[in-house]
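Geometric and topological summary
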Amino acid sequence: MELIQETSDLSAYLAADEVVDHDHPRVREVAARLAKEADDSYVYARLAFEFVRDTIAHSQDSGDPRVTWRASDVLEQGTGICYAKAHALAALLRAEDIPTALCYQKFDVVHGLVAVRFNGAWHRQDPRGNKPGVDAQFSLGQERLAFTPDPASNEMDYPVLYAEPHPAVLSALKAAPDRPYLWKTLPTAL
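Quick look at the structure, then. All values reported here derive from a predicted model rather than from experimental measurement.

Quick look at the overall build of the chain
Of the regular secondary structure elements, the chain holds 7 helices and 8 strands. Taking 16 Å as the expected radius of gyration for a compact globule of 190 residues, we find that the chain reaches 15 Å, a close match to that expectation. Principal-axis analysis of the C-alpha atoms places the extent of the chain at approximately 40 × 35 × 35 Å. A burial count over the chain gives 51% of its 190 residues as buried. Long-range contacts, defined here as pairs at least 24 residues apart, represent 60% of the contacts in the chain between residues at least 6 apart. In the form shown here, the chain has an accessible surface area of approximately 8,500 Å², with 48% of it arising from carbon and sulfur atoms. Side-chain charges of the chain comprise 19 positive and 28 negative groups, with the mean position of each set lying 4 Å from the other.

See the structure below:
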């Protein structure tokens, strides 16, 4: 699948905003700690991916009712669904000047992940969190995502790479008082 940048301006994929708030002290602290362990940007990107995948609980898997959406809040509270975890990873990567996009897949509901830009190409990564039947890994070669869409079941990869969260995703997150409510209002398409 050919990934399509929403904007040709690569700096948009480095920007901080209300959601991907990589200028926040909490994001900066985590980024600095991870950067100390990395020899180069590739190693940093892998460490940041593994940190979000393994340290930030997927709230549905853990049963946590809290809804997070801002990257700094995800890191502070240590929980979030796929979108929130993607926002946190994007913030950590952008904090170290690694262009990062938000991207999506369609299953019963829309699933969120990121794409990182290395060596002139985009590479999708899924920090959702592993569990039995899910083994997402950081890879610049063959994709190692949490899920593979089945076109026969009307599932798909959306090719667009967004600089900011899709409005449908952000609206659902912001409107949800808790995760059970959110689960009823997740977007089913973009």
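Structural notes on the packing of aromatic side chains
For the structure shown, the criterion picks out 7 aromatic pairs. Following the ring pairs from residue to residue traces out a cluster consisting of Tyr 42, Phe 49, Phe 118 and Phe 138. When the ring centre of Trp 69 is taken as origin, the NZ or CZ atom of Lys 174, which lies over that ring, is 5.0 Å away.

Cut-offs and rules
Residues numbered from 1 in each chain as written. Predicted model: local features only at pLDDT ≥ 70, side-chain atom pairs only at ≥ 80, totals over all residues. Heavy atoms only, no water. Helix = DSSP H or I, 4+ residues; strand = E, 2+ residues; numbered from the N terminus. Rg over C-alpha atoms; globule rule 2.2 N^0.38 Å. Buried < 20%, exposed > 50% of the residue type's maximum accessible area, 1.4 Å probe, protein only. Contact = heavy atoms within 4.5 Å. Areas by Shrake-Rupley, 256 points an atom, 1.4 Å probe, with all protein chains shown as cover. Lys, Arg positive; Asp, Glu negative; His and termini not counted. Charge placed at Lys NZ, Arg CZ, Asp CG, Glu CD. Phe/Tyr/Trp six-rings, centres within 6.5 Å; stacked < 30°, edge-to-face > 60°. Lys NZ or Arg CZ within 6 Å of the ring centre and 35° of its normal.

Fair warning: the whole summary comes from geometry, so function is off the table for now.
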